[in-house]
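Report on the structure
For reference, the chains in residue letters:
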Amino acid sequence: METLALVGKGFAIAFSAKYLLFCLAGVLIGQIIGALPGIGPSAGISILMPLTFGGDAIGSTIMFAGIYYGAQYGGTITSVLVRIPGESSSVMTSLDGYELARQGRAGPTLGIAAVASFIAGTLAVVGLMFAAPALARLALWFGPPEYFALVLLGLSALAIVGGSVLKGLIMGVLGLLLATVGVDPQIGNPRFTFGQLWLLDGIEFLVLAVAFFGVGEVLAQADSPDSDKPVETVAKLRYAYPTWEDWKQCQGATLRGGLIGYIIGILPGAGATIASFIAYAVEKKVSRTPERFGKGAIEAVAAPEAANNSAATGAMVPMFALGIPGSNTTAVMLGALIMFGLRPGPALFDQNPDFIWSVMASMYVGNVMLLIMNLPLVGVFAYLLRTPYALMYPVILALCVIGVYSHSNSVDDVLLMALFGGAGYFMKKYDYPAAPLVLGLVLEPLFENALRQSMTISHGAFAPLIARPITFALLAIALALMVAPFAAWTWRRVAAR
Amino acid sequence: MPWGERVFAGLIGAIGLLWIYLSAGLTYWEGFAPGSGFLPMWLGIVLAALVALLLVKEGLRIAAASPAPAPAPSVPGRHRRIAAIMLGLAVCAAALEFIGFVAAVGGYLLYLLAYVERRGAAQTALIAGGTTAILYLLFHTWLGVPLPAGPWGF
C-alpha cells in the first residue's frame, strides 16, 4: 500500500506541466540523438548536463531518462529506413527492418517497433517499480566492505562488456587512478596536482564524459570513410499502419523480447545491445519459420525493439537501487545524480522518495509520448539524416566547449577536455572502452572511502572483510567475471596445441 | 597489435608507473589504516601490470601467428583532418580568455567549415554565426553563465 501511495504521488509530480515539458524535451532530443549516427545518448546527456547545473534534479533526471529511452526509438527509424543503426542496440532491428522497408512496408515496421517498444518499456517500468525497492531493502545491509566489493563488481561487470576484458579493466583502473588527483577525501592533503591549483578540485567527471563521448566520438566519426556520404532513404512509407496479421505475429515476440531485455538490463554491465542480440536469437530459435529471418520477418523487428527498450528501463534498477550502472548511458546518468547531490543506492528510496517515484512515473508518460509522436516524426527524421556530418560535428564541438566551460568557468577544463578528447579518439580507434574509465572516476571516492573505512574497522587486515558473506559473494562474482575470459583464452591456446 | 596501439598502451602503463613513483612520496600507512598513498600506489601497480599483461598477451598472439583484428584502416587525408580539428579545438580553448567566447568559438566554427570542410561562404557564415549566436543567447543571456568576454565586451 505504501508503494502504491508513493507511485500515486510520483504520478502527480510527473503530470505537472513543468515535468511534462522536461519529459517531452528528453524524448524528443533522445529521438533525434538516436536517429543521428555518431552521437549516442551518453554523448547527448554529457553535452546537455551543463545546462542542468543548479537546476531541478527531478526535471533534469526525467529529461535524461527520456533521452535514454527516446534514443532507443530514434535508432529504430534510421535502422529501418536507411539501414544505419543510430545506436548499437538497433543493429538487429536493421536486419529485417530494412528488408521490410525495401518491400514497401516501412510504415507497418515502424509502427510495430513503436508499439513493441511501448509495451515492453511500460512493462519494464512496472518491473522497475517493484524490483528496485526490493533490491534497495537488500542493499540496506551494506556497510563499507560491501560497498567496496560492489564497486569492484560494477567495474568488472562493465569491463567485460566490450571486446577485450583486459582493456576494459585497464580503463576501469585508469578511471580510479585519475580520480585520485586532487585533495585526499579523508586527510585533506593534495595528491598528484603537479603544483597546479586548478587540479586541487580533481578531474571533473563532466570533462571526461564530454571529452570521450563527445569530442572522441566526433574525431572517430571524422576518421570514418562513410562520414561524408549523403544518406539515401530508399524506403517508402506506402502503407502506414500494421495489419491485424502483423499484430498477431508479434505478440509473443514482444513479450519474450521485453522479458529478456528487462532481465539483461538489470544485470550490471549488460545493456540494450546484448539484450537485442539475445532477443533476436531467441525469436529465431522459437520461430516455426526461421528461414524468414533476415529477409523481412516482422517479429524479428518486434523482439529486439521490445528488448532494447525494456533493457534501457531495466538498467535503471541497479543504478537507482545499488548505484551500479547497467550501461554506458546510466554510467553518465549516475555521475549526473551524484553532481545533483544525490547518492544513488538504497538510501535514495528513503531520503528522496519524491525524486525516485516521479522519475519512474515519468517513464510511463514518456513512453506514451513516444508512441504518439513516433510515426508523425518519421519524415522529419528522414530529412535530418540528409544533414552531412561535416556540417553537424562543428556544432557538436561548439556545444562541448560551452558545456564544459559553463560547468566550472575554467579554461583549464576546456583544455583538459581537448586533451582527453584526443585520447578518446585513440581509445575508440584501438577499442578501449570509455565507460569503465568514466565509471571508475565517478565511483572512486566511494571506493576509496569504503576501502579505508573497512581496513580501519578490521585494524588493517583483509581477511575479516572477505569473510563477510555479502562481500565474499560479490568479490567471488567479480573475480569470476574477470577470470573467466582469461581462462577461456588459456583453454583455447592449450586446446590449439 | 599495431605500432600506434603499442605506444598508446605504453603511455597508459607509464601513467601507472608515474603514480607508483609519486605515491611513494605520500603516506602509505597510518597506524592501522591506509594513508593517502595506499590506494594510488596499488592502482599504479595494477595498471602497469595490466598493461604489461596486455602487451605480453598480444606478443604471444603474434608469436602464435594469429594477429588480432586490426582497427579499421583510416582513409588517406583523414589524419590531417583529425589533426586540424584537434589543433583548432586546442587553439579555441586557449584563446577563450583572451578574445572571448564569441570570437573564439565563432572563429573555430568558421575555421572548421571553411578551411577543414571546404564549405561555401554562405553555408559557413550561416552555421557558424547562427550556432555562436544561439549558444551565446542561450547560455549567457538566458542561463546567466558568465562566458569569457574579449576586449570588445563579448
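Since the structure is predicted, the reported quantities are computational estimates derived from the model, not experimental observations.

Thoughts on the overall build of chain B
Scanning chain B from N- to C-terminus turns up four helices and two strands. Reading chain B from its N terminus to its C terminus gives the helix and strand order α-β-β-α-α-α. Sorting the 154 residues of chain B into buried and exposed places 41% on the buried side. Considering only contacts within chain B whose residues lie at least 6 apart along the sequence, 50% involve residues at least 24 apart. About 8000 Å² of surface is accessible on chain B, with carbon and sulfur atoms providing 74% of the total.

Re the nonpolar core
In terms of nonpolar packing, the biggest core is built from 165 residues, with Phe320 and Met417 of chain A touching the most fellow members. For this core, the element with the highest residue contribution is helix α3 (residues 78–116) of chain B, accounting for 16 residues. Aside from chain neighbours lying at most four places away, what touches Met417 of chain A is Val207, Val210, Ala211, Val215, Cys400, Val401 and Val404 of chain A together with Leu89 of chain B. The next biggest cluster of nonpolar side chains, apart from the first, holds 19 residues, and it includes Ile264, Ile298, Ala303 and Ala307 of chain A.

Let's talk about unusual backbone geometry
Residues and elements named next belong to chain A. With a phi close to 50°, Phe192 is a non-glycine residue in the positive phi region. Looking at the secondary structure, you find Phe192 in the loop between β2 (190–191) and α9 (205–222). With phi around 65°, Asp431 is a residue other than glycine that occupies positive phi space. Considering the arrangement of structural elements, one finds Asp431 in the loop between α19 (411–429) and α20 (435–457).

Considering the interface of chain B and chain A
Taken together, the 68 residues of chain B in the interface contact 67 residues of chain A. Summed over both partners, the interface of chain B with chain A buries about 6000 Å², with 79% contributed by carbon and sulfur atoms. On the chain B side of the interface with chain A, the three residues burying the most area are Phe8, Trp19 and Phe32 of chain B, jointly 11% of the side's total. Applying the counting rule to chain B against chain A returns one salt bridge.

A few points about the packing of aromatic side chains
For any pair of aromatic rings, the description consists of the separation of the ring centres together with the inter-plane angle of the planes. What the rule picks out here adds up to 19 aromatic pairs over all chains. Taken together, the ring pairs connect Tyr425, Phe426, Tyr430 and Tyr432 of chain A together with Phe8 of chain B into an aromatic cluster. If you follow Lys167 of chain A out to its NZ or CZ, it ends over the ring of Tyr432 of chain A, 4.9 Å from the centre.

Considerations on the packing of helix α18 (residues 389–408) of chain A against α3 of chain B
Where α18 of chain A contacts α3 of chain B, the axes come no closer than 11 Å and their chain directions differ by 30°. In this structure, the crossing between α18 of chain A and α3 of chain B has a hand that is right-handed. Listed contacts from α3 of chain B to Ala390, Leu391, Tyr393, Pro394, Val395, Leu397, Ala398, Val401, Ile402 and Tyr405 of chain A of α18 of chain A are Arg81, Ile85, Leu89, Leu96, Phe101, Val105, Tyr108, Leu109, Leu112, Leu113 and Val116 of chain B. Looking at side-chain class alone, the contact of α18 of chain A with α3 of chain B contains 20 nonpolar, no polar and one charged residues.

Quick look at a nonpolar patch on the surface
Residue and element names in this part refer to chain B. A cluster of nonpolar side chains, namely Tyr28, Trp29, Phe32, Trp42, Ile45 and Val46, defines an oily patch on the protein surface of about 520 Å² accessible area. With three residues, the top contributor of residues to the nonpolar patch is helix α2 (residues 38–63). Note on placement: Val46 falls in helix α2. Judged by its relative accessible area of 35%, Val46 falls in the partly exposed class.

Structural notes on the environment of Ile82 of chain B
With respect to the helices, strands and loops of the structure, Ile82 of chain B is situated in helix α3. Look at Ile82 of chain B and you get buried, because its relative accessible area is 6%. Separated by 34 residues in sequence, Ile82 of chain B and Val116 of chain B have C-alpha atoms that sit 9.3 Å apart. Setting aside anything within four residues of it in sequence, one finds Ile82 of chain B in contact with Leu219, Ala222, Asp223 and Tyr425 of chain A.

A few points about the pattern of salt bridges
Following the criterion strictly, the structure yields 11 salt bridges over all chains and no others. Between Arg292 of chain A and Glu299 of chain A there is a salt bridge; the shortest N-O distance is 2.3 Å. We classify Glu299 of chain A as buried; its relative accessible area is 6%. Its salt-bridge partner being Glu117 of chain B, residue Arg81 of chain B comes within 3.0 Å of it at the nearest N-O pair. Residue Arg81 of chain B is located in helix α3, and its partner Glu117 of chain B is located in the loop between α3 and α4 (121–142); the two are separated by 36 residues in the primary sequence. Salt bridges here are not isolated pairs; linked through shared partners, they connect Asp184, Arg191, Glu448 and Arg452 of chain A.

Concerning α3 of chain B
All names here are of chain B. Given a rise of 1.5 Å per residue, 39 residues ought to cover 57 Å, yet the end C-alpha atoms of α3 are separated by just 11 Å, more than 12% below that figure. The largest bend in α3 is about 130°, located at Ile99. Of the residues flanking the end of α3, it is Arg118, one or two places downstream, whose phi is positive at about 55°.

Observations regarding α19 of chain A
Across its 19 residues, α19 of chain A extends 27 Å between first and last C-alpha, which sits within 8% of the 27 Å expected from 1.5 Å per residue. Looking only at α19 of chain A, the buried set comprises Val411, Asp413, Val414, Leu416, Met417, Ala418, Phe420, Gly421, Gly422, Gly424, Tyr425 and Met427 of chain A. Its buried side turned inward, α19 of chain A meets α8 (165–178), α9, α18 and α20 of chain A together with α1 (3–23) and α3 of chain B. One side-chain oxygen of the residue at the start of α19 of chain A lies 3.2 Å from the amide nitrogen of Asp412 of chain A, identifying that residue as Ser410 of chain A. The positive-phi residue at the C-terminal boundary of α19 of chain A is Asp431 of chain A, with phi of around 65°.

Thoughts on the environment of Gly54 of chain A
Residues and elements named next belong to chain A. Relative to the helices and strands, Gly54 resides in the loop between α3 (41–48) and α4 (57–82). Its relative accessible area of 85% is what places Gly54 among the exposed residues. Put simply, Gly54 and Ser276 are 222 residues apart on the chain and 36 Å apart in space, counted from C-alpha to C-alpha.

Procedures and definitions
- Residues numbered from 1 in each chain as written.
- Chains lettered and ligands numbered in written order.
- Predicted model: local features only at pLDDT ≥ 70, side-chain atom pairs only at ≥ 80, totals over all residues.
- Heavy atoms only, no water.
- Helix = DSSP H or I, 4+ residues; strand = E, 2+ residues; numbered from the N terminus.
- Buried < 20%, exposed > 50% of the residue type's maximum accessible area, 1.4 Å probe, protein only.
- Contact = heavy atoms within 4.5 Å.
- Areas by Shrake-Rupley, 256 points an atom, 1.4 Å probe, with all protein chains shown as cover.
- Core = buried A, V, L, I, M, F, W, Y, C linked by side-chain atoms within 4.5 Å.
- Buried area = accessible area lost by both parts, 1.4 Å probe.
- Salt bridge = Lys/Arg side-chain N within 4 Å of Asp/Glu carboxyl O.
- Phe/Tyr/Trp six-rings, centres within 6.5 Å; stacked < 30°, edge-to-face > 60°.
- Lys NZ or Arg CZ within 6 Å of the ring centre and 35° of its normal.
- Axes fitted to C-alpha atoms, helices over the stretch in contact; angles between N-to-C directions.
- Left-handed = near helix turned anticlockwise from the far one by under 90°.
- Nonpolar A, V, L, I, M, F, W, Y, C, P; charged D, E, K, R; others polar.
- Patch = residues over 30% accessible without salt bridge, like charges linked within 9 Å, V, L, I, M, F, W, Y side chains within 5 Å.
- Expected span 1.5 Å × (residues − 1).
- Bend = angle between axes of the 7 residues up to and from the residue.
- Polar contact = N/O pair within 3.5 Å; in protein donor to acceptor, adjacent residues only side chain to side chain.

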